[in-house]
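If you want the building blocks of each chain, they are given just below.
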Amino acid sequence: MILAGVVAGPDEFLYPVSPSMRTGDMRVHKEFAVVTGGTKGIGLALSGRLVSLGYRVVALYRGDKEAAAAAEREFGDSFRSLRADLADPDAVVAVSQELLAAYGAPKVLVNNAGRNIDRPFLDMSFDDWDQVIAANLSAPFYLTRALAPRMLEAGGGSVVNVAATTGIRPRLDGLNYCASKAGLLHFTKCLAMELAPTIRVNSLIPGMIDTEEMRTRFRTDEPQYRDKLLDEIPQRRIGDVDMMADALEFLIGEKSSYVTGQKLIVDGGQFMW
């Protein structure tokens, strides 16, 4: 199956649109959730938690087919993956139409996908800027804009935007990434105001969470680098992806029914200001 800006095949788009699927038990008996970047790292843990909570999850991913296939094997029939370029607005419209036709409105939307292209400011090209802003800020706008009207019609739900601590405190060589994540925090607040009271919108911010990317980037398997990092964290430990899933479960559940427009930072106190 080829959609504008979307690459998919029988092994990738788990639920082809068909009359039987539009009326079958799959949509009737389970709430539907969408997770972008939901096949690796933190996103994989978020997808897995939603599956364990009884959601039927479609994870949108950009490039790693092997990780997507592994996630489908791990989570079984309640999970499928779909490859799409979420930075392309036409692709997002096409994907959203497919999802809405197959499952109706999602109860949960997790905008988790993100991209880094780190450069010193004076070496950063226009394309470096555009790609990161498109992936980290424009893509959540495109997808939420496409799905929110149906979510409102269906009675509401939750949108959770996975931001970053660099949206709170800047770092060197990441102007594009920091700006995109700071923008996502304000995007969350504005969206929470406009979609209230029917849809709640919150940000989830990971601190130092143990993923393959973090181990590579911060060399946490090497004691000297790990110890230096732990000196910055009051709890003196690195978090795990299940902690992020716990936070997501809270943000989409009834116990947070009076919480919207907020940011929940899971960081052991590293960014408490």
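Quick look at the structure, then.

Conventions we followed
- Residues numbered from 1 in each chain as written.
- Predicted model: local features only at pLDDT ≥ 70, side-chain atom pairs only at ≥ 80, totals over all residues.
- Heavy atoms only, no water.
- Helix = DSSP H or I, 4+ residues; strand = E, 2+ residues; numbered from the N terminus.
- Buried < 20%, exposed > 50% of the residue type's maximum accessible area, 1.4 Å probe, protein only.
- Contact = heavy atoms within 4.5 Å.
- Areas by Shrake-Rupley, 256 points an atom, 1.4 Å probe, with all protein chains shown as cover.
- Pairing = 2+ DSSP bridges.
- Axes fitted to C-alpha atoms, helices over the stretch in contact; angles between N-to-C directions.
- Expected span 1.5 Å × (residues − 1).
- Core = buried A, V, L, I, M, F, W, Y, C linked by side-chain atoms within 4.5 Å.
- Salt bridge = Lys/Arg side-chain N within 4 Å of Asp/Glu carboxyl O.
- Right-handed = clockwise from strand over helix to strand, strands pointing away.
- Parallel < 35°, antiparallel > 145°, perpendicular 65-115°, else oblique.
- Left-handed = near helix turned anticlockwise from the far one by under 90°.
- Nonpolar A, V, L, I, M, F, W, Y, C, P; charged D, E, K, R; others polar.
- Patch = residues over 30% accessible without salt bridge, like charges linked within 9 Å, V, L, I, M, F, W, Y side chains within 5 Å.

## A few points about the overall build of the chain
Move 1: Helix and strand content of the chain: ten helices and nine strands.
Move 2: For the chain, buried positions account for 49% of its 273 residues.
Move 3: Put simply, of all contacts in the chain between residues at least 6 apart along the chain, 72% involve residues at least 24 apart.
Move 4: For the chain, the exposed area adds up to about 13,400 Å²; of that, 54% sits on carbon and sulfur atoms.

## Observations concerning the sheet that holds strand 5 (residues 79-83)
Move 1: Overall, parallel pairing links the seven strands, which are arranged 5-4-3-6-7-8-9 in an open sheet. The sheet is open, and its two edges are formed by strand 5 and strand 9 (263-266), each paired on a single side. Adjacent strand axes in the sheet meet at a mean angle of 20°, parallel and antiparallel pairs treated alike.
Move 2: Sheet topology places strand 6 (residues 108-111) next to strand 7 (residues 157-162); four bridges connect them, and they run parallel. Pairing of V110 across the sheet is with V160, part of strand 7.
Move 3: The strands touched by helix 6 (residues 126-153) within the sheet are strand 3 (32-36), strand 4 (56-61), strand 6, strand 7 and strand 8 (199-206), with strand 6 carrying the most contacts at an inclination of about 175°.

## Section: helix 7 (residues 175-195)
Move 1: Over its 21 residues, helix 7 runs 30 Å from end to end, which matches the ideal 30 Å to within 8%, given 1.5 Å per residue.
Move 2: N176, Y177, C178, S180, K181, L184, L185, F187, T188, L191, A192 and L195 are the residues of helix 7 that are buried.
Move 3: Against helix 6, strand 7, strand 8 and strand 9 lie the buried residues of helix 7.

## As for the nonpolar core
Side chains that are nonpolar tend, in soluble globular proteins, to be buried together.
Move 1: Counting residues in hydrophobic clusters, the biggest one holds 30 residues, and the most contacted among them are V34, V58, L60, L99, L143 and V201.
Move 2: Looking at this core, the elements that each hand over two or more residues are strand 3, strand 4, helix 5 (89-103), helix 6, helix 7 and strand 8.
Move 3: Leave out the neighbours within four places in its chain, and V34 touches V58, L60, L99, P106, V108, L109, V110, L143 and L147.
Move 4: Within the second largest apolar cluster, 25 residues are counted, among which are L46, L50, F79 and V108.

## Re the pattern of salt bridges
Move 1: Applying the stated criterion across every chain, the model contains ten salt bridges.
Move 2: Taking the shortest distance from any N to any O, the salt bridge between R49 and E249 comes out at 2.8 Å. A residue pair is termed long-range when its members are at least 10 positions apart, and R49 in helix 3 (residues 41-52) and E249 in helix 10 (residues 241-252) qualify at 200 residues.
Move 3: Among the residues examined, E249 registers a relative accessible area of 32% and is labelled partly exposed.
Move 4: Here R219 and E222 are joined by a salt bridge, their closest N and O atoms 3.0 Å apart.
Move 5: In this structure, a network of salt bridges that share partners links the residues R49, D246 and E249.

## Concerning the pairing of strand 6
Move 1: Neither face of strand 6 is left uncovered, since the one carrying V108 and V110 and the one carrying L109 and N111 both have all their residues buried.
Move 2: Of the strand pairs in this sheet, strand 3 and strand 6 are connected by three bridges, and their pairing is parallel. Bridging from a neighbouring strand, V35 pairs with V110 of strand 6.
Move 3: Tracing the backbone out of strand 6, into helix 6 and back to the parallel element strand 7 gives a crossover that is right-handed.

## Observations concerning the packing of helix 3 against helix 4 (residues 65-75)
Move 1: For the pair helix 3 and helix 4, interaxial distance at closest approach is 11 Å and the crossing angle is 25°. Compared by their axis directions, helix 3 and helix 4 come out roughly parallel. Here the hand of the crossing between helix 3 and helix 4 comes out right-handed. Seen from helix 3, the contacting residues are L44, S47, G48 and V51; seen from helix 4, they are A71, E74 and F75.
Move 2: Per-class residue counts for the contact of helix 3 with helix 4 are four nonpolar, two polar and one charged.

## Examining a nonpolar patch on the surface
Move 1: On the surface, F121, L122, W129 and L175 cluster together into a nonpolar patch covering about 470 Å² of accessible area.
Move 2: If you trace the backbone, W129 turns up in helix 6.
Move 3: In this structure W129 comes out as partly exposed when scored by relative accessible area, which is 33%.

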